[in-house]
Structures are given as structure tokens and as C-alpha cells.
Amino acid sequence: MNPQETQTLALWRAASPGAVLLDGFHAVKHALRFGAEIELVVTTDRAAVVALADELAADVGDYLEETAHEVSEPFLRDLVPRGSPTGVVALAGRPEPEPGRVRSAPIVLLENPRNLGNVGAVVRLAAGFGVAAVLTTGDLDPWHPNVVRGSAGLHFATTVARVASPHALPAGPVFVLDPEGADLRDIEIPDDAILAFGTERHGVSAALRERADRLVAIPMRPKVSSYNLATSVAMTLFRWSATSANAPT
Ligand SMILES: C[S@@+](CC[C@H](N)C(=O)[O-])C[C@H]1O[C@@H](n2cnc3c(N)ncnc32)[C@H](O)[C@@H]1O
């Protein structure tokens, strides 16, 4: 280990507790764009990362050139064993949720999600649609590195947090998505809605059903039992965006 790597290791160790791991160029890029407090950027090839930024995201190139610590590939693999295809990783501070914020777009609630990739995909959708927050119940950490990888670092574009139960939600009408509900195509979703989705294996719990102001179904052919969780969120947000003046254009 050279002296620069020794220094990088000390900085990494100091920043790691409680930090969010961003692995890969797009995660770092999105975190920067949406105001993350980046603690440390590490790369195996600063010139290559800056060239990638010039090609794909010129707005972050200068920052990466000035701040990225260059290290060897084995050193990076020790820091992040699964590695990074783009040779860049970073640590960022985990923002505090802002529950009291005025809402101009729905909240997505995922009940006890199990699949980290699904949650990441939902956060990415939430960022794209300008959703106010993605809330989860259950024991999965919605800031787990694999979830952040799935969202391409877009956690910083919305609020992502865990809530204790479906009874600990912000105010707003609760629309629970369930194949037994009313047809989504006939429903206008208000901007202050909470859009709630059940867990992958068992669907919506009795507790969540009890909280529902409306049960809403996405149309499916007979014999198909359900859609994938993230896909269901996508269709529901698309439906909201079709009628809301606050949806992205
Ligand atoms: C993978 S599905 C759950 C499947 C579960 N085996 C069940 O029987 O409900 C995860 C969640 O996506 C939503 N979902 C999936 N397909 C849906 C549909 N056709 N209509 C409304 N919601 C749906 C629901 O919120 C559901 O709880």
C-alpha cells in the first residue's frame, strides 16, 4: 500500500460508519446531482472516470477530477469486495427524512418488501416521477447498498425511510393496490395520496387493508395472479402522472 492509499484507507474507515455506499459512476453522479454530502470518492483510474463524465455527465466531471482519490484495483476490491464496473465508488452521508415536508406528489409505501432489487427499482421510479417519499415497513433497510445500487444512487432525489407500521403514516388518502380492487384506469389519484403495495410473496396484509381508503387493481388477464412489485408501482405512478399537474412532463 502506498502512502496515498494509506491515507485513503484512513479516510474511508473514518467515513464508513453510517455512510451510504455508492458503487459505480451513475450512483455517484445521481448522488452529486441531488445534493448528497459526498464524504469520499475513490477510483482506480481518475482520467477514465473524468472521460466518462465528459461523455455522459459533464456536470460532475470537475468535481470528480478534483476530489477522487486514485488507488490500485486490489485496494478498491478490499474496500468494496464486489468491485465496481466503472472503477469508482464513494461514501455519502445518509440524509435525515423530512416527514413534515409539504407534499405535491404521492408517497409510495412498500409493505415489508423482501427483494432489494425491487426496492431499488421503486426508488428509481420515485425519483423519476418526483414522488414525495418511498416508505417501507418491515426489517429490510431501504438504504442497503444493494438497494442503492438498484436505484442508481437516486435515493438522494426523494425521501427514503422506514416506518414502524401502516398505522404510522403521514396524512393523506391511502390507496392500496390489490388485484381485488377497483380498476386503476377509472381512478384519479390525488397528489396527496399514499400509494401502498403489499409484500412480494403474500400481498397486502390485513393491517394495510384496514388502512385503505380505496382498494385499486391494475388490470390483468384471467389466470395471471399478480404483477411484479416494482412494475405495479410503475403503472400506478404512470396513472397518477396522467392526471396531475404536478407530474413531470
Ligand atoms: C408480487 S405482488 C404480491 C403477490 C402476492 N402473491 C399476492 O397474492 O398478492 C406485490 C404487490 O404488487 C401489487 N400488485 C401486483 N399485481 C397487482 C394488480 N394486478 N393489481 C393491483 N396491485 C397489484 C400489490 O400491491 C401486491 O401486493
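Residues numbered from 1 in each chain as written. Predicted model: local features only at pLDDT ≥ 70, side-chain atom pairs only at ≥ 80, totals over all residues. Heavy atoms only, no water.

A. Looking closely at the domain arrangement of the protein. Here the protein is partitioned into domain 1 (3–92) and domain 2 (107–243). On a C-alpha basis, the centres of domain 1 and domain 2 stand 31 Å from each other. The contact between domain 1 and domain 2 buries some 970 Å² in all, and 66% of this surface belongs to carbon and sulfur atoms. Run the count over domain 1 and domain 2 and you get 1 salt bridge. As a salt-bridge pair, Arg149 and Asp23 come within 2.8 Å of each other at their nearest N and O atoms. Inspection of the region where domain 1 meets domain 2 yields 3 residue pairs in polar contact (both at pLDDT 80 or more). Put simply, the parts of the chain that give the side of domain 1 that touches domain 2 at least two residues each are strand S1 (20–23) and helix H2 (25–33). Here the residues of the side of domain 1 that touches domain 2 sort into 8 nonpolar, 3 polar and 2 charged. (Domains from an automatic or database assignment. Buried area = accessible area lost by both parts, 1.4 Å probe. Salt bridge = Lys/Arg side-chain N within 4 Å of Asp/Glu carboxyl O. Polar contact = N/O pair within 3.5 Å; in protein donor to acceptor, adjacent residues only side chain to side chain. Helix = DSSP H or I, 4+ residues; strand = E, 2+ residues; numbered from the N terminus. Nonpolar A, V, L, I, M, F, W, Y, C, P; charged D, E, K, R; others polar.)

B. Up close: the packing of helix H6 (residues 116–129) against helix H9 (residues 229–243). Running from amino to carboxyl end, H6 crosses H9 at an angle of 15°, the nearest separation of the two axes being 9 Å. Judged by the inter-axis angle, H6 sits roughly parallel to H9. Crossing of H6 over H9 shows right-handed handedness. The residues of H9 that touch H6, namely those facing Asn118, Ala121, Val122, Leu125, Ala126 and Phe129, are Leu229, Ala230, Val233, Ala234, Leu237, Phe238, Trp240 and Ser241. Looking at side-chain class alone, the contact of H6 with H9 contains 12 nonpolar, 2 polar and no charged residues. (Axes fitted to C-alpha atoms, helices over the stretch in contact; angles between N-to-C directions. Parallel < 35°, antiparallel > 145°, perpendicular 65-115°, else oblique. Left-handed = near helix turned anticlockwise from the far one by under 90°. Contact = heavy atoms within 4.5 Å.)

C. Inspection of the nonpolar core at higher detail. Core analysis: the biggest nonpolar cluster contains 51 residues, and Leu22, Ile38, Leu64 and Leu110 have the highest contact counts within it. Among all residues touching Ile38, those that are not within four sequence positions of it are Leu22, Ala31, Leu32, Tyr63, Ala90, Leu91 and Ala92. Counting 14 residues, the second-largest nonpolar core is a separate cluster that includes Leu169, Val176, Val204 and Leu208. (Core = buried A, V, L, I, M, F, W, Y, C linked by side-chain atoms within 4.5 Å. Buried < 20%, exposed > 50% of the residue type's maximum accessible area, 1.4 Å probe, protein only.)

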